[in-house]
Amino acid sequence: MYAQLVDTGAQRLRTLEELPPEERSFQERIDAGIKIEPKDWMPEAYRKTLVRQISQHAHSEIVGQLPEGNWVTRAPTLKRKAILLAKIQDEAGHGLYLYSAAETLGVSRDELLDALHSGKAKYSSIFNYPTLTWADMGAIGWLVDGSAIINQIPLCRCSYGPYSRAMIRVCKEESFHARQGYDIMLALVRGSAEQRQMAQDALNRWWWPALMMFGPSDSDSVNSAQSAQWRIKLHSNDELRQRMVDQTVPQAEHLGLTVPDPDLRWNEERGHYDFGEIDWSEFHDVLKGNGPCNRERLRTRVRAYEDGRWFRDALVAHADKLAAQPEAA
Ligand code: FAQ
C-alpha cells in the first residue's frame, strides 16, 4: 500500500476504557454526534488525518479542473461552453472552501500548495486520465461527479464541523455537475451512430477509473478503521463503490450503453449488482505517479501557479500600501 499513513500511535483501535481521559471524552462527544470545532481539543492524529484527507480533497478539486479545461475551447456550442466554464469554476470554489477548512486545523495554504506542487501530496487518481473526446465531458460529469456525490453526501455528516459544512454546498453543486454530464451523454446517444459510439467509448474508458475513485478495497484500506471510529468516514470504500454501481447501471441502460464489465449482473439474493475484479495494479501505478497524465497534470498546475505569481505579489503590495497609509481623518 502506497500510503503516507498518519501514525495514530496504536497498532489497533483502542476501546473507550483504554483511552486517556481527554481522548475518552473527545470520543464520547463524537459517538454522541456532537461536531468537533477548530478550537476544541482534539487528538493530534485526528487533526493530521483531517489535514491529510481535506487537503487531498482540495487538491483533487483544483487538479480536477485540468482534464475538463482541455475542452473549453472545443465545446460544440456556446451554451455547452458556458455550462462547462461554470462547472470548472465551481470546482475551483470547492478547492478554496476545502483549503479554508484545512487551514482551520492550523496548517497554512502555502504548506498545502507546496506539498501538491512538489508531488508529495496525493490527489484523486481519476484526474490522471486523458480527455480524448467531447463525450469525456459527459462521462466525467455523469461518472466522476456522480461518484464524488456518493462519497461526499455522507461527509456532510462527518464529525469535523468546517468540513461537514463545506460539503453541504459542494454536494449541491456536484449534483448540477452530474446532471449536466448525463445531459451530454443523452444528447450523444440520441445523435448519429458516430456520436453514440463516442459516448460508448467514453464509458469504456472512464468506468473502471471511476470505481477506483472510492479507494482500495476495505481489506487494504489502511486508514478506514480509525477514520470510521472518529466518524470522518461513515461508510466503507466498498460500500460506497457498490452504491455507485447499483445507481449507475440502470442509468447506463437508460442511455442504451453497455457497462464494460462482462461479470456485471444483478444478484437477486444480495439485492445488488455483482461486478468484476478491479485492476488494482493500475490503481497503484497511478498513485505512484505513473498514470497516463500524472506528470502533465503536475507540470500544468505548477506552471499556472508560477504564472499567477505576479498577480498575488501585486495584491500583497497593494494591501501593504493601504496598511501603511495613515487613517483617513
Ligand atoms: N486517488 O486507507 P484509504 C471530485 C489513497 S473530488 C488517490 O482507503 P482514506 C470532484 C489514500 O489517500 C474527488 N489516492 O484512505 C470533482 C491513502 O493514502 P494516504 C476526491 C487514493 O483516506 C469532479 C491510501 O490510498 N474526493 O471528484 C485514492 O481512508 C470532477 C489508502 O486508502 C475526495 O477526496 C484515490 N482514488 O479513503 C472535481 C473525498 N483512494 O493518504 C473536478 C474525500 C485512496 O494514507 C471534476 N476523501 N487513496 O497516503 C475520502 O473520502 C477518502 O480520502 C478516500 C480514501 C475514500 C478517497
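Residues numbered from 1 in each chain as written. Predicted model: local features only at pLDDT ≥ 70, side-chain atom pairs only at ≥ 80, totals over all residues. Heavy atoms only, no water.

Novice: Tell me about the overall build of the chain, and name the residues and values.
Specialist: Along the backbone of the chain there are 13 helices and two strands. For a compact globule of 329 residues, the expected C-alpha radius of gyration is about 20 Å, and the chain comes in at 21 Å, within 12% of that figure. Principal axes of the C-alpha set define a box for the chain whose edges measure 65 × 60 × 35 Å. Put simply, the chain has 329 residues, and 48% of those count as buried. At a minimum sequence separation of 6, the contacts of the chain that also span at least 24 residues come to 77%. Of the roughly 16800 Å² of accessible surface on the chain, a fraction of 54% belongs to carbon and sulfur atoms. For the chain, the distance from the average position of its 40 positive side-chain charges to the average position of its 46 negative side-chain charges is 4 Å. (Helix = DSSP H or I, 4+ residues; strand = E, 2+ residues; numbered from the N terminus. Rg over C-alpha atoms; globule rule 2.2 N^0.38 Å. Buried < 20%, exposed > 50% of the residue type's maximum accessible area, 1.4 Å probe, protein only. Contact = heavy atoms within 4.5 Å. Areas by Shrake-Rupley, 256 points an atom, 1.4 Å probe, with all protein chains shown as cover. Lys, Arg positive; Asp, Glu negative; His and termini not counted. Charge placed at Lys NZ, Arg CZ, Asp CG, Glu CD.)

Novice: Mind laying out the packing of aromatic side chains, listing which residues take part and the relevant values?
Specialist: Throughout the structure, instances matching the rule amount to nine aromatic pairs. Taking 4.9 Å as the distance between ring centres and 75 degrees as the angle between the ring planes, the aromatic pair formed by phenylalanine 26 and tyrosine 46 counts as edge-to-face. With phenylalanine 26 in helix 1 (residues 21–31) and tyrosine 46 in helix 2 (residues 44–63), this pair connects stretches of sequence that are 20 residues apart. By the burial criterion, phenylalanine 26 is buried, and tyrosine 46 matches it. Sitting above the plane of the tryptophan 71 ring, arginine 74 keeps its charged end 4.1 Å from the centroid. A cation over an aromatic ring shows up here: arginine 312 above the ring of tyrosine 305, its NZ or CZ 3.8 Å from the ring centre. (Phe/Tyr/Trp six-rings, centres within 6.5 Å; stacked < 30°, edge-to-face > 60°. Lys NZ or Arg CZ within 6 Å of the ring centre and 35° of its normal.)

Novice: Give a detailed account of the nonpolar core, specifying residues and quantitative values.
Specialist: If you look at the biggest cluster of nonpolar residues, it comprises 80 residues, and the most contacted ones within it are Tyr46, Ile54, Leu143, Tyr160, Tyr163, Trp206 and Trp207. Among the elements that line this core, the one with the most residues is helix 7 (residues 161–189), at ten residues. Apart from the residues within four sequence positions on either side, isoleucine 54 is in contact with Leu98, Ala101, Ala102, Leu105, Tyr160 and Tyr163. (Core = buried A, V, L, I, M, F, W, Y, C linked by side-chain atoms within 4.5 Å.)

Novice: Give a description of the packing of helix 6 (residues 135–152) against helix 10 (residues 237–255) that names residues and reports values.
Specialist: Closest axis-to-axis distance for the helix 6/helix 10 pair is 10 Å, and the angle between their directions is 145 degrees. For the pair helix 6 and helix 10, the crossing hand works out as right-handed. Together, Trp142, Leu143, Ser147, Ile150 and Asn151 of helix 6 and Leu240, Arg243, Met244, Gln247, Thr248, Gln251, Ala252 and Leu255 of helix 10 make up the contact between the two elements. Here the residues of the contact of helix 6 with helix 10 sort into seven nonpolar, five polar and one charged. (Axes fitted to C-alpha atoms, helices over the stretch in contact; angles between N-to-C directions. Left-handed = near helix turned anticlockwise from the far one by under 90°. Nonpolar A, V, L, I, M, F, W, Y, C, P; charged D, E, K, R; others polar.)

Novice: Give me the lowdown on the confidence of the model for the chain, citing residues and values where you can.
Specialist: Overall, the predicted model of the chain reaches an average pLDDT of 95, with 96% of residues at or above 70. pLDDT under 50 marks residues 1–5. Its contacts with residues more than four places away, or in other chains, come to 16 contacts. (pLDDT = per-residue confidence, 0-100.)

Novice: Tell me about a nonpolar patch on the surface, and name the residues and values.
Specialist: On the surface, Trp310, Phe311 and Leu315 cluster together to form a nonpolar patch covering roughly 380 Å² of accessible area. Along the chain, phenylalanine 311 falls in helix 13 (residues 309–324). Under the relative-accessibility criterion, phenylalanine 311 is labelled partly exposed at 44%. (Patch = residues over 30% accessible without salt bridge, like charges linked within 9 Å, V, L, I, M, F, W, Y side chains within 5 Å. Salt bridge = Lys/Arg side-chain N within 4 Å of Asp/Glu carboxyl O.)

Novice: I'd love a proper account of the side chain of aspartate 261, names of residues and values included.
Specialist: Counting through the fold element by element, aspartate 261 comes out in the loop between helix 10 and strand 1 (265–267). The side chain of aspartate 261 is buried and forms no salt bridge, while arginine 265, the nearest opposite charge, is found at 7.5 Å. A polar side-chain atom of aspartate 261 sits 2.8 Å from the main-chain amide nitrogen of aspartate 263. Residue contacts for aspartate 261: discarding those within four places in its chain leaves Trp207, Trp208, Phe275 and Gly276. (Polar contact = N/O pair within 3.5 Å; in protein donor to acceptor, adjacent residues only side chain to side chain.)

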